[in-house]
Each structure stands twice: as C-alpha cells, then as structure tokens.
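Each chain, written out:
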Amino acid sequence: MKESIKIVIADDHRMIREGLKQLLELEGDITIVGEAGDGLSCLQVIEDKKPDVVLLDINMPQMNGLQVLEKLKERKCRSKILILTIHNEIEYLVKAVDIGVDGYVLKDSESELLRKAIFSVYSGENYIQAELVPILKEKLENQEKDILTEDSILTKRELEVLRLLTEGLFNKEIAYNLSISEKTVKNHVSNIFKKICVSDRTQAAVYAIKNNIVELY
C-alpha cells in the first residue's frame, strides 16, 4: 500500500484546521500529523513531526507565515511548504516566491485544486495557483526592469569585482588582478551583495549572468 503524505496544518483558526483535516484525510492518501495555531508553535511542530508538506497560513500570531517560511529556509527544512491564504495581493506572493515557497494557493479554491497542489509540491514541483501566474510574471518582469535603481547601481570597481567573482576567482585572486588589498575586495563583495540583494557568491554570479552585467566589460 502506498504511504500517505504526512502534513502539518498551520492556521490560527481552529475550525479551518479541523475542516482541512476532515477534507484531506477522506481518501486515505493524506495524513495530518500535526497542527499549529501560531508561528512559533508551527516551527516546533514541524521539527517534531517532520512532515512531507506544511500547509502554512500567512496571518498568524507570534510569527506570520512569511517569517516562518524564512526561518524554515534558514534551517534548511526538508518539508515542502505550501502557503494557503486569503491574500491574493501580489506582494505576498512575490515575497513568498523570493523566500523560496514551494506552492501558493488561495483559501477560496476548490478542494481538488488544493489536493493537486499538495501532490505537486510533494513530488518536487512548484505549484502557483493558475490565475496568480500572469500577475506574478508581470510583477517579476517589472522588477527586472527596475533592477538598476539609483540605490542599486554598482560602481565601476564593484562591476569589475563582480565580473571576476562570476569567473570563479577568490578574493585573493581578485585583489591580485585589480591591484587592491584583499580587505578592500571583501568590502566590495559585501556592498555588491547588499545592492543586488543576494547572500552568496553563486547567487551574485547568477544575477550577473542573468542581467548581462558580465558583458559590460
């Protein structure tokens, strides 16, 4: 017999949690292994139960769903995270996608759509509710156009550092190539990360390639 998908439901409304539990367990292929009514207890339940999928509401006390999502990503949590929310505002969706959510579904959806989303993220796919996809694409395209705002424009030296970083050079090698100190390179790298909103060298390299920055020189 096929093993059922283990799920934790995090929502601050008990009736919603109970309703989802009854709905999802009907066919026997999904088991609710834990529930949480706030962000902090959600983190604890996930750590204890190690579910396959987490159904995560955004509006919760203690920590909201997006804060919980960030914390789970920091901890490299292996559970798939599916946000189930009333919020159809694009800002919430963009933020969730930026953090690394696996799926995003609205609470007024049909139960079959929710089941489809659960099975999709469980199998390793991303699932964004269909009517939200065009809005998300448009928003992300507009963000790309606005990438080089006044605050985020890289200096000529920072562009040189980013180009060498993208080629895979270490700070010491970059310092040698540009005839500057290794400490100065570290400062440049730190400033680059802040300006383009990335947290490591791989992300910076991807950003540079994606935005044709490496072709500026």
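Since this is a predicted model, take the numbers as computed values, not measurements. (Residues numbered from 1 in each chain as written. Predicted model: local features only at pLDDT ≥ 70, side-chain atom pairs only at ≥ 80, totals over all residues. Heavy atoms only, no water.)

With that out of the way, let us pick up the domain arrangement of the protein. Reports of interface size often rely on the accessible area that becomes lost once the parts have come together. Domain parsing of the protein yields domain 1 (5–140) and domain 2 (149–211). The centre of domain 1, based on its C-alpha atoms, is set 35 Å off from the matching centre of domain 2. (Domains from an automatic or database assignment.)

Neither face of strand β3 (residues 53–56) is left uncovered, since the one carrying V53 and L55 and the one carrying V54 and L56 both have all their residues buried. Note: strand β1 (residues 5–10) against β3, four bridges, orientation parallel. Of the residues in β3, the one forming a bridge with I9 is L55. Where β3 lies against strand β4 (residues 80–85), four bridges are found, and the strand directions are parallel. The residue bridging L55 from the neighbouring strand is L82, located in β4. In the classification by handedness, the crossover that spans β3, the intervening helix α3 (residues 65–74) and the parallel β4 is right-handed. (Buried < 20%, exposed > 50% of the residue type's maximum accessible area, 1.4 Å probe, protein only. Helix = DSSP H or I, 4+ residues; strand = E, 2+ residues; numbered from the N terminus. Pairing = 2+ DSSP bridges. Right-handed = clockwise from strand over helix to strand, strands pointing away.)

Once that is clear, we can look at the side chain of N171. Within the secondary structure, N171 sits in helix α8 (residues 171–178). If we skip the residues at most four places from it in the chain, N171 touches E182, V185, K186, V189 and R201. (Contact = heavy atoms within 4.5 Å.)

This brings us to the environment of T155. You can see T155 is positioned in the loop between α6 (133–145) and α7 (156–166). We classify T155 as partly exposed; its relative accessible area is 37%. Residues T155 and A204 lie 49 residues apart in sequence; the distance between their C-alpha atoms is 15 Å.

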